[in-house]
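Next come the chains, spelled out residue by residue.
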Amino acid sequence: MNREEKHIAVVGGTFDPIHFGHFQLGRAALAALHLDEVWFMPSGSNNYRSVLGQRAEKFHREAMVKLAIAGQEKFRFSDWECIQPGSTYTSKTFAQLNATYPEVVWYYVVGADTLHSLKYWEEPELICHAVILLVAGRREQVSDDSLQQTAVELREKYGADVRFIPWDNIPVSSTQVRRNYLEGKLSAADLPAGVFDYMEKHHLYHSLEDLTNEEILDRCEATETERQYYERLTTMLTPRRVRHCLGVMHMAMLLADAYRNVPLEKARLAGLLHDCGRTENNSLNALAHAPAGAHIARRLFGVTDEAVLSAIRWHTTGRPGMTELEKVIYVADYIEPFRGQMVNLDKARRIAYTDLDHAVSFMAKNTVRYLESRGEDIDPITLEVIDYYQS
Ligand SMILES: [Fe+2]
Ligand SMILES: [Fe+2]
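Residues numbered from 1 in each chain as written. Chains lettered and ligands numbered in written order. Predicted model: local features only at pLDDT ≥ 70, side-chain atom pairs only at ≥ 80, totals over all residues. Heavy atoms only, no water.

A.B. asks: Teacher, can you tell me more about the nonpolar core here?
C.D. replies: Most often, soluble globular proteins keep nonpolar side chains buried together rather than apart. By size, the foremost hydrophobic cluster in this structure holds 68 residues, and its most contacted members are L255, L273, F301, V303, V331, I335 and M363. Ranked by residues supplied to this core, first place goes to helix 12 (residues 239-259) with 13 residues. Two domains each donate at least three residues to this core, and these are domain 1 (6-190) and domain 2 (208-389). If near-sequence neighbours (up to four positions away) are discounted, V331 is found in contact with L255, A352, L356, A359, V360 and M363. Membership of the second largest hydrophobic core comes to 36 residues, among which are F23, I69, F196 and Y205. (Core = buried A, V, L, I, M, F, W, Y, C linked by side-chain atoms within 4.5 Å. Buried < 20%, exposed > 50% of the residue type's maximum accessible area, 1.4 Å probe, protein only. Helix = DSSP H or I, 4+ residues; strand = E, 2+ residues; numbered from the N terminus. Domains from an automatic or database assignment. Contact = heavy atoms within 4.5 Å.)

A.B. asks: I keep staring at the domain arrangement of the chain and nothing clicks. Help me out?
C.D. replies: The parts lose accessible area when they come together, and the size of an interface is often stated as this lost area. If you check the domain split of the chain, you get domain 1 (6-190) and domain 2 (208-389). For domain 1 versus domain 2, the distance between C-alpha centres works out to 36 Å. Between domain 1 and domain 2, the residue contacts involve 19 residues of the former and 18 residues of the latter. A buried area of about 1600 Å², summed over both sides, lies between domain 1 and domain 2, and 53% of it is on carbon and sulfur atoms. The largest contributions to the domain 1 side of the interface with domain 2 come from Y48, V51 and F59, which together make up 42% of the buried area. Linking domain 1 with domain 2 are two salt bridges. One salt bridge connects R260 with E62, and the closest N-O pair in it is separated by 2.6 Å. Split by residue class, the side of domain 1 that touches domain 2 holds eight nonpolar, seven polar and four charged. (Buried area = accessible area lost by both parts, 1.4 Å probe. Salt bridge = Lys/Arg side-chain N within 4 Å of Asp/Glu carboxyl O. Nonpolar A, V, L, I, M, F, W, Y, C, P; charged D, E, K, R; others polar.)

So this is what it looks like as structure tokens:
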């Protein structure tokens, strides 16, 4: 082993949530090799079901990994994939890691199942060139002919360096953890320190529909000031509108988290207050509630952040050249989890997670179609938005 070199193994996954099985993978790698560090690297991709609350938000998954590995020797948290906007691919991640850290020999710790499926991943040859594959397998798995055969194939086809490490597999999966948690069959001792309490504090894995308004505020880590704003909103808006505001708040945070283009705090505040101008005794037409809302947010709620006020101002029509926060609120307003009746809602949510500009034009077109079908006026700015954002 070259003294200049560092040897680092990566344990990847969604960590939704992290559990002792992940720890065991890291420890198996440490026991088998002289490694300097083991990096726990949550994947950047968002599960579609996080829209409804049934999966943890990326920022919560990250927080749980950090909590779990705190104080564990040689275990490190890596946000390498989480900070990438959009979907991440293992091949790209390791190519970037190699370029950034030329002194590091990278190992990728995978289970036997992953070795079998590797050839179907994005650019398997790049993965095999970039890392040494550490396959953690139970003893009977390692002697399994099909696994050995897969390793031989990867060596011959892609020049892969595949090494097996013994692993005392703990029969636990994130799916099982989530299920047990929702059924009340999980205790703090079943998970690495701090994780269970974190899940409870933020009401993770429950559908947002099943959470109270206050629980949604917990889920979004709302500040005391934002909780006071919420209380005030309940005196101004219908209960249904308030619920919608909470849905937009959550969705806006998911989008800001997915793209890492906007601070979560700004997305949360703008989402919560975006419809504060839509009061019951408001005689304004549907479009006028947005500029009215920006005024109310400033005068009544005391919001001074111009970026937040502008996102409230433009949330109904959008405008050409929107800021990232404006786009996030505009899109979140359409696809929040309590929206039930919108046409193409599923498609809109998927687009929103992959291309925000495309999502803006898609939703503007939907709006036009909807208004046309009802014989209502179309704001010319909506047509400008379609022109501006369609690629
Ligand atoms: Fe609105
Ligand atoms: Fe709204």
